[in-house]
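Each chain, written out:
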Amino acid sequence: MTRTAEDTTAQTLYHGQWLTLRKRGRWEFVERNNPGGAAIIIAVTDEDKVLFVEQYREPIQQQTIEMPAGLIGDLKEHDDEDACLAARRELEEETGYACEHVHVIHTGPSSAGMSTEMMIFVRATGLRRTGPGGGDESEQIVVHEVPRQEAGAWLLRMSRKGYSIDPKLFAGLWFLEHPEAFG
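Anyway, here's the lowdown on the structure attached to this text.

### Some thoughts on the environment of Pro35
Move 1: Position of Pro35 relative to the elements: it lies in the loop between strand E3 (27-32) and strand E4 (38-43).
Move 2: Note: C-alpha distance between Pro35 and Glu117 (82 residues apart in sequence) is 8.6 Å.

Dropping the structure here:
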């Protein structure tokens, strides 16, 4: 039997600034308080280098390697933005690169068993450096420009050095190698 959203009503267990903890039946999960989800940006320079960001993530207390990404409509001044606008903003803020074009290539859950958050993969093209990057005042982001052909091996080396590697990176690399699959 297929279940539907109407089967049970969700109960709010805790409501925070960014997340709400909910329970439906025996299942606990979190909801993002911003309705737009998050954009993950697949960006490659004219020199065919993939942009990755490194930052400390408090929940896992570890340095991570990720693609540039950010919440859509997370602040009052951004509450009307879509995934492409958020991607442009986050790309420049985190990496110091602006882009000419952004298009959505895939949308899916970040963790379907734990969260309602949807991840929207976008491809940014026509990159040009505009600044140093590094994130906003609450972030300490290090930008890595890795030759596309070496990206997979570089990520594995970083993992062996103790970095947490976001698995979505491998999906992003697959999208780069198979652009026909997602327009």
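### Description of the sheet that holds strand E12 (residues 142-147)
Move 1: Pairing is mixed in the open sheet, where four strands are placed in the order E12-E5-E6-E13. Because the sheet does not close on itself, it has two edges, and the strands there are E12 and strand E13 (164-165).
Move 2: In terms of strand pairing, strand E6 (residues 62-66) meets E13 through two bridges, oriented parallel. In the strand pairing of E13, Thr64 is matched with Ser164.
Move 3: Across the sheet, helix H1 (residues 83-95) lies against strand E5 (49-57) and E12, angled at about 75° from E5, the strand it touches most.

### Looking at unusual backbone geometry
Move 1: With phi around 65°, Asp48 is a residue other than glycine that occupies positive phi space.
Move 2: Following the sequence through the fold, Asp48 ends up in the loop between E4 and E5.
Move 3: The backbone of Gln61 sits at a positive phi, close to 50°, despite the residue not being glycine.
Move 4: Its location among the elements puts Gln61 in the loop between E5 and E6.
Move 5: On the basis of relative accessibility, which here comes to 56%, the residue Gln61 falls in the exposed class.

### Some words on the pairing of E4
Move 1: Among the six residues that make up E4, six are buried, leaving the element largely enclosed by the rest of the structure.
Move 2: What you see with E4 is no split at all: Ala38, Ile40 and Ile42 on one side and Ala39, Ile41 and Ala43 on the other are buried throughout.
Move 3: For E4 and strand E7 (residues 69-71), the ladder comprises three bridges, and the chain directions are antiparallel. Counted as the bridge partner of Ile40 is Ala69 from E7.
Move 4: Alignment of E4 against strand E10 (residues 118-125), held across six bridges, turns out to be parallel. The partner of Ala43 across the bridge, within E10, is Ala124.

### Here's the deal with the packing of aromatic side chains
Move 1: For the structure on display, the rule yields three aromatic pairs.
Move 2: Look at Phe52 and Trp154: their rings are 5.5 Å apart centre to centre, the planes differ by 15°, and that puts the pair in the stacked class. Of this pair, Phe52 sits in strand E5 while Trp154 sits in helix H2 (residues 151-160), and the two are 102 residues apart along the sequence. Trp154 carries the same exposure label as Phe52, and that label is buried.
Move 3: Both rings, one in Trp174 and one in Phe175, keep their centres 6.0 Å apart while their planes meet at 70°; by these two values the pair is edge-to-face.

### Some details on the pattern of salt bridges
Move 1: By the definition in use, this model includes nine salt bridges.
Move 2: We note a salt bridge from Asp48 to Arg148, for which the minimum N-O separation is 3.0 Å. Here Asp48, found in the loop between E4 and E5, pairs with Arg148, found in the loop between E12 and H2; they are 100 residues apart in sequence, far enough to count as distant.
Move 3: Linked by salt bridges that have partners in common, Asp48, Arg148 and Glu177 make up one network.

### Points about H2
Move 1: Where H2 is concerned, the buried positions are Ala151, Trp154, Leu155 and Met158. Projection of H2 onto a plane perpendicular to its axis shows the buried side chains occupying an angular sector of 100°, all on one side.
Move 2: Looking at the buried residues of H2, the elements they touch are E5, E6, E12, E13 and helix H3 (168-177).
Move 3: Looking one or two residues past H2, Gly162 carries a phi angle of roughly 105°, positive in sign.

### Looking at the layout of surface pockets
Move 1: Roughly 1,500 Å³ of volume is contained in the largest pocket.
Move 2: If you trace the largest pocket, you find 40 residues lining it, with Arg32, Arg57, Glu66, Leu71 and Glu117 closest to the centre.
Move 3: For the lining of the largest pocket, the secondary structure elements donating two or more residues are E3, E4, E5, E6, E7, H1 and E13.
Move 4: Broken down by element, the residue count for the lining of the largest pocket peaks at four residues, all from H1.
Move 5: Taken together, the residues that form the lining of the largest pocket break down as 15 nonpolar, eleven polar and 14 charged.

What counts and how
- All chains use their own residue numbering, which begins from 1 and follows the written sequence.
- Given that the model is predicted, a residue must reach a pLDDT of at least 70 before its local features are reported, and side-chain atom pairs must reach 80 or more before they are shown or counted; all residues, however, enter totals for whole chains, interfaces and linings.
- Calculation of side-chain values draws on the structure's entire complement of heavy atoms; hydrogens and water are dropped beforehand.
- Where helices and strands are cited, they refer to DSSP runs of H or I of at least four residues and of E of at least two residues respectively, numbered from the N terminus.
- Whether two strands pair depends on DSSP finding at least two bridges between them.
- When checking whether two residues touch, look at their non-hydrogen atoms; a contact exists if any pair is within 4.5 Å.
- Axis lines are fitted through C-alpha atoms, for helices just across the contact stretch, and the angle between N-to-C directions can take any value from 0 to 180 degrees.
- Classification of residues uses two cut-offs on accessible area relative to the type maximum, computed with a 1.4 Å probe and protein chains only: under 20% is buried, over 50% is exposed, and between them is partly exposed.
- Any two rings among Phe, Tyr and Trp, with Trp reduced to its six-membered ring, count as a pair given centres within 6.5 Å; such a pair is stacked if its planes are under 30 degrees apart, edge-to-face if over 60, and tilted if neither.
- When a carboxyl oxygen of Asp or Glu lies within 4 Å of a side-chain nitrogen of Lys or Arg, that pair is called a salt bridge.
- In this description, the arc belongs to the directions extending from the helix axis to the C-beta atoms.
- Lining residues are those with an atom within 4 Å of a point, where the points come from a 1 Å grid over the protein atoms alone and group into cavities, where a 1.4 Å probe fits but cannot get out, or pockets, open sets with protein on both sides within 12 Å along at least five of seven lines.
- Grid points are joined across faces, edges and corners, and a volume is the space filled by probe spheres set on the points.
- Residue polarity follows a fixed list, in which Ala, Val, Leu, Ile, Met, Phe, Trp, Tyr, Cys and Pro are nonpolar, Asp, Glu, Lys and Arg are charged, and the others, Gly among them, are polar.

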